[in-house]
Amino acid sequence: MLYDFSQLSGRNAYKLIVSTIVPRPIAWIVSQDALGNLNAAPFSFFNAMGGDPPILVVGIGSREEGGPKDSLRNIQETGQFVINLVNEEMARSMNVTATPFAYGVDELTQAGLLSQPSLKIKPPRIATSPVSFECELVQTVPASDTNTIVIARALACYIDDRYLLDAEKCYVNTPELKLIGRMHGAGWYTTTHDLFQIERYTVEQWESRG
């Protein structure tokens, strides 16, 4: 079956994207407005787009009833936010913060989550998240009336000491993070347990293969 996106409804295009581009890492964003009111929400249109400098990108849709989501509103207002990563232990708390509460409701409080001050920015990180990135807005790109791409530079990264193999060399015990990813439909996630390794060829190895 060949699908022509120009002939599909937005809903059906969305279903094809989220059903096939999996798993997707989750950006659990903590932001705050100019008055300091906190907001927390998860987004799975997220990934890293550069390492030097560290660039992170998040796609944020609009509210179902229309208008920008609280996270985007706060990011545009203050230019700062924290991306926390989600492990298995935090999955249900993350799910609470996905509830479409009214603007101004603190999802961290609703989910019973504690926060810790950030080093370089005002919004705090989620205290129990294994990894958190303090982010500064680089640019927002309106991709459509209902979708905005947020490009940010990570200014600092907190990693729980339990997951560091060698702090000085920045070696992380990635499997032990037990991060989760977003899958195909409503409420479906995946773990990161089943790993396999494939070593890359050098040109010389490829050309001399038997």
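Our subject is the structure that appears above.
Residues numbered from 1 in each chain as written. Predicted model: local features only at pLDDT ≥ 70, side-chain atom pairs only at ≥ 80, totals over all residues. Heavy atoms only, no water.

Enquirer: Looking at this structure, I do not really get the overall build of the protein. What am I missing?
Expert: Summing up its helical and strand segments, the protein has 6 helices and 14 strands in all. Over its C-alpha atoms, taken along the principal directions, the protein stretches across nearly 65 × 50 × 30 Å. Among the 210 residues that make up the protein, the fraction classed as buried is 34%. When contacts within the protein are restricted to residue pairs at least 6 apart in sequence, long-range pairs at least 24 apart make up 59% of them. Entry remark: accessible area of the protein is about 13200 Å², with carbon and sulfur atoms responsible for 53%. Across the protein, the 17 positively charged side chains and the 23 negatively charged ones have centroids separated by 3 Å. (Helix = DSSP H or I, 4+ residues; strand = E, 2+ residues; numbered from the N terminus. Buried < 20%, exposed > 50% of the residue type's maximum accessible area, 1.4 Å probe, protein only. Contact = heavy atoms within 4.5 Å. Areas by Shrake-Rupley, 256 points an atom, 1.4 Å probe, with all protein chains shown as cover. Lys, Arg positive; Asp, Glu negative; His and termini not counted. Charge placed at Lys NZ, Arg CZ, Asp CG, Glu CD.)

Enquirer: Any chance you could explain the sheet that holds strand β9 (residues 131-142) here in plain terms?
Expert: Two orientations exist for strands paired in a sheet by backbone hydrogen bonds: parallel and antiparallel. The 7 strands are arranged β3-β2-β6-β9-β10-β5-β4 in an open sheet whose pairing can be described as antiparallel. Bordering the open sheet on either side are β3 (38-43) and β4 (46-51), each of which pairs with just one other strand. Each adjacent strand pair in this sheet contributes to an overall mean axis angle of 30°, direction not counted. Both β4 and strand β5 (residues 54-61) contribute to a ladder of 5 bridges, which runs antiparallel. Within β5, the residue paired with Gly 51 across the bridge is Pro 54. Strand contacts of helix α2 (residues 70-78): β2 (27-32), β3, β5, β6 (80-84), β9 and β10 (147-159), with the helix running at about 55° to β2, the strand carrying the most contacts. (Pairing = 2+ DSSP bridges. Axes fitted to C-alpha atoms, helices over the stretch in contact; angles between N-to-C directions.)

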